[in-house]
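Coordinates in review
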Amino acid sequence: TSLQDQLHQQKLMVLMISGSDTFDKVIQCIKLGAEEYLLKPFNKDLLRVRVGACLEKKWFINQQILYQKQIEIEKHRYE
């Protein structure tokens, strides 16, 4: 499986920090599964906000998974 599939299966949120400022590298990191991308040197406040955004997105993804599981349980119960 690809790295992106592995990250999705593990439900990891990835934030890349790199000294490379080429647009191609940013695209490559996002294609490989990075949720966010920061350039070095990075601003600690921006990092904090980006990590917070990743955590919030992860929480919503987990809630969606939980609701989908509950719907499946109810569906099987009524069948």
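Below you will find a few notes about this structure.

Reading the values: the criteria
Residues numbered from 1 in each chain as written. Predicted model: local features only at pLDDT ≥ 70, side-chain atom pairs only at ≥ 80, totals over all residues. Heavy atoms only, no water. Helix = DSSP H or I, 4+ residues; strand = E, 2+ residues; numbered from the N terminus. Buried < 20%, exposed > 50% of the residue type's maximum accessible area, 1.4 Å probe, protein only. Contact = heavy atoms within 4.5 Å. Areas by Shrake-Rupley, 256 points an atom, 1.4 Å probe, with all protein chains shown as cover. Expected span 1.5 Å × (residues − 1). Polar contact = N/O pair within 3.5 Å; in protein donor to acceptor, adjacent residues only side chain to side chain. Pairing = 2+ DSSP bridges. Right-handed = clockwise from strand over helix to strand, strands pointing away. Salt bridge = Lys/Arg side-chain N within 4 Å of Asp/Glu carboxyl O.

1. A word on the overall build of the protein chain
A count of helical and extended segments in the protein chain gives three helices and two strands. Secondary structure elements of the protein chain occur, N-terminal to C-terminal, as α-β-α-β-α. Residues classed as buried in the protein chain amount to 15% of the 79 residues present. Intrachain contacts of the protein chain at a sequence separation of at least 6 include 31% that bridge at least 24 residues. Here the protein chain has roughly 6,500 Å² of accessible surface; of this, 58% comes from carbon and sulfur atoms.

2. What to know about helix H3 (residues 44–78)
It helps to recall that an α-helix has 3.6 residues per turn; residues three or four apart then point in one direction. Look at H3: 51 Å from first C-alpha to last across 35 residues, which is about the 51 Å you get at 1.5 Å a residue. Where the residues of H3 are buried, they touch strand E1 (14–18) and strand E2 (34–39). Residue Asn43 occupies the N-cap position of H3, its side-chain oxygen lying 2.7 Å from the main-chain nitrogen of Asp45.

3. Thoughts on the pairing of E2
Here E1 pairs with E2 via five bridges, running parallel. Within E2, the position partnered with Val14 by the bridge is Ala34. Assessed by its sense of winding, the connection that carries the chain from E1 through helix H2 (residues 23–31) to E2 is right-handed.

4. What to know about unusual backbone geometry
The omega angle of the peptide bond from Lys40 to Pro41 is -10 degrees, so this bond is cis rather than trans. With respect to the helices, strands and loops of the structure, Pro41 is situated in the loop between E2 and H3.

5. Observations concerning the pattern of salt bridges
Counted according to the given criterion, the structure contains four salt bridges. Across the pair Arg48 and Asp45 runs a salt bridge, and its minimum N-O distance is 3.0 Å. Taken together, the positions of Arg48 and Asp45, both in helix H3 and three residues apart, correspond to about one turn of that helix. By relative accessible area, which is 54% here, Arg48 ends up exposed.

6. Some details on the side chain of Ser18
Note that Ser18 resides in strand E1. Judged by its relative accessible area of 17%, Ser18 is buried. Those residues in contact with Ser18 that lie beyond four places of it in its chain are Tyr37, Leu38, Leu39 and Lys40.

These figures come from the coordinates and say nothing about function on their own.
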